[in-house]
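# Tertiary structure, described
Spelled out from the first residue to the last, the chains are:
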Amino acid sequence: MLQIITLGKHSLVRFFSILLLSVMGTALSGVPSHGVRINGELNEFNGYIMEAPRSRYPDLKQVKTWSTDFVKEVGLYENAQERPTINGVQFSTAQYRFADSRLESINLGFEGRENRDRLLAWIEQHYGKLLPIERKMINQVEWHGDRLSIALSYNPETNLGTLWFISPTLHHLVNKNINDMTE
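Presented here is a report on the structure given in the accompanying data block. Owing to the predicted nature of the structure, the values given are computational and were not obtained by experimental measurement. (Residues numbered from 1 in each chain as written. Predicted model: local features only at pLDDT ≥ 70, side-chain atom pairs only at ≥ 80, totals over all residues. Heavy atoms only, no water.)

## Considerations on the overall build of the protein chain
Counting its secondary structure elements, the protein chain contains five helices and 12 strands. When each of the 183 residues of the protein chain is scored for burial, the buried share is 36%. Of the accessible surface of the protein chain, which amounts to about 11300 Å², a share of 54% is contributed by carbon and sulfur atoms. (Helix = DSSP H or I, 4+ residues; strand = E, 2+ residues; numbered from the N terminus. Buried < 20%, exposed > 50% of the residue type's maximum accessible area, 1.4 Å probe, protein only. Areas by Shrake-Rupley, 256 points an atom, 1.4 Å probe, with all protein chains shown as cover.)

Here it is in structure tokens:
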């Protein structure tokens, strides 16, 4: 801390800004109430149904596989012929993750702030409007439901973003580990 103070007022302000953002990020990250509530019945995107069996999508090719403490097999899949497009945004990557052969998430990569804004408009039209304060958040906005969650993230420094469609139940199992059992 002493070294930061000796660097000048600008560095001190920057340090406290980063500290404040870190604390806010930590405080907000575990609170699912920030974000739009999705109707409990919605659970699909572009013909892909969350928690549907892997056998339903024969065109997907396995890229990687691993296991976790609570999921015997996690598989990452792609379809090289498939280039999903939403509201004029063509995704650079599309990956599908399965937990024990059930669709856990869809990860779509894109480039550009304009594309982020187009995706935001589409998601709000189909899954619900954000609150005005949430619309100002650039890095990540979220929609939560019992059977589907959506996260739209964008990094202005890299100009890259990700759109995630997630099964909350399976996502929790994939990311849970044995150490969570002691808390």
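## Observations regarding the pattern of salt bridges
Applying the stated criterion across every chain yields a total of four salt bridges. In this structure, Asp-117 and Arg-116 form a salt bridge, with 3.1 Å as the shortest nitrogen-oxygen distance. Classification of Asp-117 by relative accessible area gives partly exposed; the value is 33%. Because the salt bridges share partners, they merge into one network encompassing Arg-113, Arg-116 and Asp-117. (Salt bridge = Lys/Arg side-chain N within 4 Å of Asp/Glu carboxyl O.)

## Side note on the nonpolar core
Of all hydrophobic cores here, the largest spans 31 residues; its most connected members are Tyr-96, Ile-106, Trp-143, Leu-152, Leu-163 and Phe-165. Going through the elements one at a time, strand S8 (93-99), strand S9 (102-111), helix H3 (113-127), strand S10 (140-144), strand S11 (149-155) and strand S12 (160-166) are the ones with two or more residues in this core. Among the elements that line this core, the one with the most residues is H3, at five residues. Ignoring anything within four residues of it in the chain, the contact list for Tyr-96 reads Tyr-48, Leu-60, Gly-75, Leu-76, Tyr-77, Glu-78, Glu-82, Pro-84, Leu-103, Ser-105 and Ile-106. (Core = buried A, V, L, I, M, F, W, Y, C linked by side-chain atoms within 4.5 Å. Contact = heavy atoms within 4.5 Å.)

## Concerning the environment of Ile-123
Checked against the element boundaries, Ile-123 lands in helix H3. Look at Ile-123 and you get buried, because its relative accessible area is 0%. For the pair Ile-123 and Trp-143, spaced 20 residues apart in the sequence, the C-alpha separation amounts to 9.0 Å. Excluding residues that lie within four positions of it along the chain, Ile-123 makes contacts with Gly-128, Trp-143, Ile-150, Leu-152 and Leu-163.

## Quick look at the pairing of S8
Most of S8 sits inside the fold, with five of its seven residues counted as buried. Pairing geometry for strand S5 (residues 74-78) and S8, over four bridges, is antiparallel. Across the sheet, residue Leu-76 finds its bridge partner in S8, namely Arg-97. Here S8 runs beside S9; their pairing, made up of seven bridges, is antiparallel. Residue Ala-94 lies in a different strand from S9, and its bridge partner there is Leu-108. Hairpin connection of S8 to S9: two residues between the antiparallel strands, including Asp-100 at a positive phi of 50 degrees. (Pairing = 2+ DSSP bridges.)

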